[in-house]
Amino acid sequence: MLSPQPSNFRARLFMDLFSALIIPPVVLSLVLRLCAIRPGRLTPLLYLIFILGWAISKGAYASSKQRRLAEQLGARPVPCVVGKWPGNIDILLKMMGSFKTSYVLDVYLQLFEEYQCTTLNLRILWGDNIITMDQEHINFVLSTGFKHFWRGRAQKERMETLLGEGIFNRDDDIWKMHRNTARPFFARDRFTDFEIFEHYTSKTLSHLDHTAAHDQPCEAQDLFSRFALDAASEFLFGENLDTLSASLPEPYKTPMGPKGSATQDTWGDFANAFDEAQMNVTKRARIGYLWPLLELFGDRNRPHAEVISEWLDPLVKKALEEKRRFSANGSGESGHSPVADKTFLQHLADSTENPIIIRDQLLSMLLASRDTTACVLTFITYMMAMHPEIATKMRNEVLEHCGSHTMPTFDQIHRLKYIRAVIDETLRVFPPVPLNVRESRSMPCLFPPSDRTFPDSQLQDQSKNQPLLMPGNTIVTFLPLLTQRNKALWGEDADEFRPERWLESETKSKCNANFGMFLPFSHGPRICIGKNYAYNEMTFFLVRLLQRFDRFELALDCQPEGSLPPREWREEGRKGRQRFEKVWPSAALTLFIKGGLWVKFHKAEIHSH
């Protein structure tokens, strides 16, 4: 049971606990009275057994009901994980322990491989909880079966304090309103003028020039986050948050923050709040619907939300005051101005007087702009350091099409086929959103037959031509990172970083025919409206970076304590990239490198082209 108001998670917890812990004892008490039974000293034990039996019976009844419904519809229930303890509590505890040291999403991959299927029901505490890496099922959730799913009440509850009324935390009419408001600001003619990209790229590269001149490493993840945030803030609301002017992490001195490096200044407070809130949302999701038990006496995201508001509220207030002043001067409503003449913030202010809606939508856009762009640029830099030959190919293409010093044009960056291949390969291997969540609506629906990842398993054979029953009001967690590294879809070299695959017609043909196998910008009606903006921004930045630098070297000795991969990742029998990863990829709402990415950038000798 969930409260209708997502922020009121304590009320929801109270209703859940009342249903689970109060109703069964009341029923037992009535039965004992009617039967004139007095258990005496055994009363507490009897009540405990009855409460447990009540929960098990409810779960068994729900499972039986699902099986009957599936049979009626010619389908099967989603295969269940089977633990040793009641309610699969042992599975939950094992997963929670593994999250601390395992490779990103490896906890889920081990379950898929153990059960030899791509969609599983975890059945934690007798409640349905679906996980999937199946391309057919992911495509159904995002596109062909879109009407059967929404963000859902449970996800809104976890994210309400952070994202509130923003586009990533709403459904249906409110979501459509947000999307229609934002769409005009990502039209091609608004981001093909690269002046904003040039300005903030230059500021970023000046920092790299300084560190290179002193033969010092730079924390690239932090720097790219600042670049993306400053560029996005000016693009969206005409104000520069100017994080690139704040103090940068210092090698060997800066401690580890929630996701990367921690800097001690006002920007550091904002970034820390931004990241801590995301990490807490992730912890809530892993714990499941009982997470409010750990926050009975305070919402752990409230202090972080207040820090974020201190940054954004003045901008919102200024926009609303300008709107009122514009109207009071008798110039007419600013809302009548063409969209092309306004910033996104001004357009939001013209659309509503509610400062909370405006702030939450701004925060959602900043989150998407900062974390996704910074993530991709960070992992591209990591790959250029790991594979110098790839960096050389990228730089040669840049020099051929864009020269060694001039600002690239829109047409030039779209001729950079190898650069685009590197970006796409990074998005495949290190997707900025490695996992996502939806919730089925009240009515059950049918997943299509599973993909052919495990063709020889009994479960997969049985489901070959049979759909799976997706229960109503049930969370489904889909895992693009695992899908995009699936050897059954991408070949035996799926774990390898090989940009050349994107220059092969076969790869594009497979992606076009199987939408669920590559979806870094999501898919279907909720596909990212900033996709082209992101590609242009990342390509532009890489051009300017490679015009100036030609060699990238990991500075692993600068990584903060606890941020390097555990030794067990390289143990015999380990699978996937964990065997040779030099840094620790981790996931909150978005992918990041634990402790940041410390890199030495080496200046290139400039030749005329």
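Everything numeric here is computed off the predicted structure, so don't read it as measured data.

What counts and what doesn't
Residues numbered from 1 in each chain as written. Predicted model: local features only at pLDDT ≥ 70, side-chain atom pairs only at ≥ 80, totals over all residues. Heavy atoms only, no water. UniProt positions renumbered as here; feature names shortened; annotations may be inferred. Helix = DSSP H or I, 4+ residues; strand = E, 2+ residues; numbered from the N terminus. Axes fitted to C-alpha atoms, helices over the stretch in contact; angles between N-to-C directions. Parallel < 35°, antiparallel > 145°, perpendicular 65-115°, else oblique. Contact = heavy atoms within 4.5 Å. Nonpolar A, V, L, I, M, F, W, Y, C, P; charged D, E, K, R; others polar. Patch = residues over 30% accessible without salt bridge, like charges linked within 9 Å, V, L, I, M, F, W, Y side chains within 5 Å. Areas by Shrake-Rupley, 256 points an atom, 1.4 Å probe, with all protein chains shown as cover. Salt bridge = Lys/Arg side-chain N within 4 Å of Asp/Glu carboxyl O. Buried < 20%, exposed > 50% of the residue type's maximum accessible area, 1.4 Å probe, protein only. Phe/Tyr/Trp six-rings, centres within 6.5 Å; stacked < 30°, edge-to-face > 60°. Lys NZ or Arg CZ within 6 Å of the ring centre and 35° of its normal.

Asker: Tell me what's going on with the UniProt feature "binding site: heme" (unreviewed entry) in the chain, and back it up with residues and numbers.
Answerer: The sites that UniProt annotates as "binding site: heme" (unreviewed entry) are Cys-528. Within the element layout of this structure, Cys-528 appears in the loop between helix 21 (505-513) and helix 22 (531-548).

Asker: Explain the packing of helix 15 (residues 388-402) against helix 22 to me, using residue names and the numbers behind them.
Answerer: Helix 22 packs onto helix 15 with a crossing angle of 100° between their chain directions and a minimal axis gap of 9 Å. Judged on the interaxial angle alone, helix 22 and helix 15 are roughly perpendicular. Contacts between helix 15 and helix 22 involve Ala-391, Met-394, Arg-395, Val-398 and Cys-402 on the former and, on the latter, Leu-542, Val-543, Leu-546, Gln-547 and Arg-548. Class assignment of the residues belonging to the contact of helix 15 with helix 22 gives a composition of seven nonpolar, one polar and two charged.

Asker: Any chance you could break down a nonpolar patch on the surface for me, citing the residues and the numbers?
Answerer: Where nonpolar side chains cluster on the molecular surface, the patch consists of Phe-14, Phe-18, Leu-21, Ile-22, Ile-23, Val-26 and Leu-30 and spans about 630 Å² of accessible area. Here Phe-18 shows up in helix 1 (residues 9-34).

Asker: Describe in detail the pattern of salt bridges, supporting the description with residues and values.
Answerer: Inspection of every chain in the model, using the stated rule, returns 34 salt bridges. With a shortest N-O distance of 2.9 Å, Glu-198 and Arg-544 are connected by a salt bridge. Here Glu-198 is found in helix 9 (residues 195-213), whereas its partner Arg-544 is found in helix 22, with 346 residues between them in sequence. Its relative accessible area of 13% is what places Arg-544 among the buried residues. Taking the shortest distance from any N to any O, the salt bridge between Asp-493 and Arg-498 comes out at 2.8 Å. Look at the salt bridges and you will find they share partners, linking Glu-425, Arg-428, Asp-493, Arg-498, Arg-501 and Glu-504 into a network.

Asker: Which residues make up the packing of aromatic side chains, and what values do they have?
Answerer: Taken as a whole and judged by the stated rule, the model has 26 aromatic pairs. Seen from their ring centres, Phe-227 and Phe-541 are 4.7 Å apart, and the 40° between their planes marks the pair as tilted. Here Phe-227 is found in helix 10 (residues 220-237), whereas its partner Phe-541 is found in helix 22, with 314 residues between them in sequence. Comparing Phe-227 with Phe-541, the two get one shared label, buried. Consider the rings of Trp-569 and Trp-584, whose centres lie 5.3 Å apart with planes at 70°: the pair is edge-to-face. Remark: Trp-584 occurs in the loop between strand 10 (549-554) and strand 11 (585-587) and Trp-569 occurs in the loop between strand 10 and strand 11; sequence separation between them is 15 residues. The pair formed by Trp-569 and Trp-584 is uniform in burial state, with each residue classed as buried. Among the aromatic side chains, those forming a connected cluster through ring pairs are Phe-194, Phe-197, Phe-235, Tyr-533 and Phe-540. Here Arg-420 stacks its cationic end above the ring of Tyr-535, 3.6 Å away from the centre of that ring. Of note, Lys-594 hangs over the ring of Trp-584, and the distance from its end group to the ring centre comes to 3.8 Å.

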